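The residues making up each chain are set out below.
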Amino acid sequence: MRRILVIGAKGMLGRDLVRVLSSTFCASKKSDWEIMEWDLEEIDICEEKKTVTKIENFRPAIVINVAGYTDVDGCESNEEKAFAVNAEGMKHVALGALRCGAKVVYLSTDYVFDGKKGKPYLEDDPPNPLNVYGRSKLKGEQYVQEIAKDGLIVRTQWLFGKHGKNFVASVLRQAKEKKVLSIVNDQIGSPTYTIDLAEAISVLLHSKAQGIFHVANSDLCSWYTFGQAILKLSRIKGAKVIPISSRELGRPAVRPAYSVLHCQKLKQVTGMVLRPWSEALKHFLESDPRPLA
Ligand SMILES: NC(=O)c1ccc[n+]([C@@H]2O[C@H](COP(=O)([O-])OP(=O)(O)OC[C@H]3O[C@@H](n4cnc5c(N)ncnc54)[C@H](OP(=O)(O)O)[C@@H]3O)[C@@H](O)[C@H]2O)c1
């Protein structure tokens, strides 16, 4: 059997990725693929020797690293952990993959950009992260490029899905607790549904894509507009959203003001364009009405 190893399989994206890959790679009776799931219980990617050896001995054909220290504000006060997991952890995974000839896939972020371009970012636009999380993820990208010649780096943004903490869950929870929700309206991006992203990763793997790809749902909005759409589509009437600035919110990590990802390369290579975020959100809320973290 050929193995696809998903590391970080219990996370928000990891769970949906395993589900999607199982149906796209393993559904046919003739398939010789199997999807393997590792998370912290099976491996701590910060431990170099154990990670390299365990991956080498396991002999996967593809290793997808969706493990990460994803608390963007937490990364500001714990830079060491951010780099240990997001950068060095990726390096250890790539070294293990190199030893057994496996293809490496790394999930990265729009936060590698400073948001000052004012137009959607292309894959080869120069990165300039504003926060520790973005810097640690950029370092992870650089390790993949150095170690894994046919490596695939997928940059994405503003994820929402059924499993794990995310903005949709947070808005729905807050709407139950208070009448007025203050949400920033000076950060622009594209909310992205984990199922749609997982499907795009599957298609990229089937296309044997390598290098950097931007993958996000179409259309853009501010967190404020996204929040309004969540309440409207969930038919929540008692709560109101008011716009505030990032300065007023005062989060520890600075976020880019405009980090929309241009997904032209995905379209060129695979023909794929992800549906608008509002459609994906509607589908998510209708089919998965329990995203409460
Ligand atoms: N969420 C977003 O909006 C977003 C946007 C752009 C890019 N990304 C990237 O997409 C990927 C998936 O994000 P996500 O939101 O699905 O993340 P997530 O829900 O936080 O899941 C990450 C998983 O990795 C595990 N993990 C943490 N440290 C580990 C370690 N040292 N060794 C092994 N496993 C470890 C976590 O376990 P614990 O939960 O027990 O710590 C968790 O199960 C990440 O690489 C992230 O940087 C996410």
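Bear in mind the structure is a predicted one, so any value in this text is a computation, not a measurement.

Caption draft 1: Layout of the overall build of the protein. Of regular secondary structure, the protein possesses eleven helices and twelve strands. For 293 residues, the compact-globule formula gives about 19 Å, and the C-alpha radius of gyration of the protein, at 19 Å, lands near that figure. Dimensions of the protein, computed from the C-alpha atoms along their principal axes, are close to 55 × 40 × 40 Å. In the protein, which comprises 293 residues, the proportion classed as buried is 53%. A separation threshold of at least 6 residues defines the contact pool for the protein, and within that pool the share at least 24 residues apart is 83%. Counting only carbon and sulfur atoms, one obtains 50% of the accessible surface of the protein, whose full area is about 13700 Å². Side-chain charges of the protein comprise 42 positive and 34 negative groups, with the mean position of each set lying 4 Å from the other.

Caption draft 2: Summary view of the side chain of asparagine 131. Locating asparagine 131 in the fold gives a position in the loop between β4 (103–109) and α5 (132–147). Assessed through its relative accessible area of 1%, asparagine 131 is described here as buried. Within the local environment of asparagine 131, its side chain forms a polar contact with the backbone oxygen of valine 254, the two atoms lying 2.8 Å apart. If near-sequence neighbours (up to four positions away) are discounted, asparagine 131 is found in contact with Val72, Glu76, Tyr111, Ala253, Val254 and Arg255.

Caption draft 3: Main features of the site of the ligand. Contacts to the ligand come from 25 residues, most closely from Leu13, Asp39, Thr70, Tyr133 and Lys137. The separation between a nitrogen atom of the ligand and a polar main-chain atom of isoleucine 45 is 3.1 Å. A total of 900 Å² of accessible area belongs to the ligand in isolation, and the protein chains cover 79% of it. Tallying contributions element by element places β4 first for the shell around the ligand, with three residues.

Caption draft 4: Here's a closer look at the packing of aromatic side chains. Taken as a whole, this structure holds 13 aromatic pairs when the rule is applied. Between the aromatic rings of phenylalanine 160 and tyrosine 193, the centroid separation amounts to 5.4 Å while the plane-to-plane angle is 10 degrees, which identifies the pairing as stacked. With phenylalanine 160 in strand β6 (residues 159–160) and tyrosine 193 in strand β9 (residues 192–193), the pair connects residues that are 33 residues apart, well separated along the chain. For phenylalanine 160, a relative accessible area of 0% gives the class buried. Pairing phenylalanine 160 with phenylalanine 226 gives two aromatic rings, centres 5.8 Å apart and planes at 50 degrees, and the pair type is tilted.

Caption draft 5: Structural context of the sheet that holds strand β10 (residues 211–214). The strand order across the open sheet built from six strands is β2-β1-β3-β4-β5-β10, with neighbouring strands paired in parallel fashion. The open sheet has two edge strands, β2 (33–38) and β10, and neither has a second partner. The sheet shows a mean angle of 20 degrees between the axes of neighbouring strands, taken without regard to direction. Of the strands in this sheet, β4, β5 (152–156) and β10 touch α5, which is tilted by about 160 degrees from β4.

Caption draft 6: The layout of surface pockets, seen in detail. The calculated volume of the second largest pocket comes to roughly 250 Å³. Lining the second largest pocket are 17 residues, with Ser218, Asp219, Leu261, His262 and Cys263 positioned closest to its centre. The residue inventory of the lining of the second largest pocket, partitioned by class, reads ten nonpolar, five polar and two charged.

Criteria and thresholds
Residues numbered from 1 in each chain as written. Predicted model: local features only at pLDDT ≥ 70, side-chain atom pairs only at ≥ 80, totals over all residues. Heavy atoms only, no water. Helix = DSSP H or I, 4+ residues; strand = E, 2+ residues; numbered from the N terminus. Rg over C-alpha atoms; globule rule 2.2 N^0.38 Å. Buried < 20%, exposed > 50% of the residue type's maximum accessible area, 1.4 Å probe, protein only. Contact = heavy atoms within 4.5 Å. Areas by Shrake-Rupley, 256 points an atom, 1.4 Å probe, with all protein chains shown as cover. Lys, Arg positive; Asp, Glu negative; His and termini not counted. Charge placed at Lys NZ, Arg CZ, Asp CG, Glu CD. Polar contact = N/O pair within 3.5 Å; in protein donor to acceptor, adjacent residues only side chain to side chain. Near = heavy atom within 4 Å. Phe/Tyr/Trp six-rings, centres within 6.5 Å; stacked < 30°, edge-to-face > 60°. Pairing = 2+ DSSP bridges. Axes fitted to C-alpha atoms, helices over the stretch in contact; angles between N-to-C directions. 1 Å grid on protein atoms, 1.4 Å probe; cavity = no way out; pocket = protein on both sides within 12 Å on 5 of 7 lines; lining within 4 Å. Points joined across faces, edges and corners; volume = space filled by probe spheres on them. Nonpolar A, V, L, I, M, F, W, Y, C, P; charged D, E, K, R; others polar.

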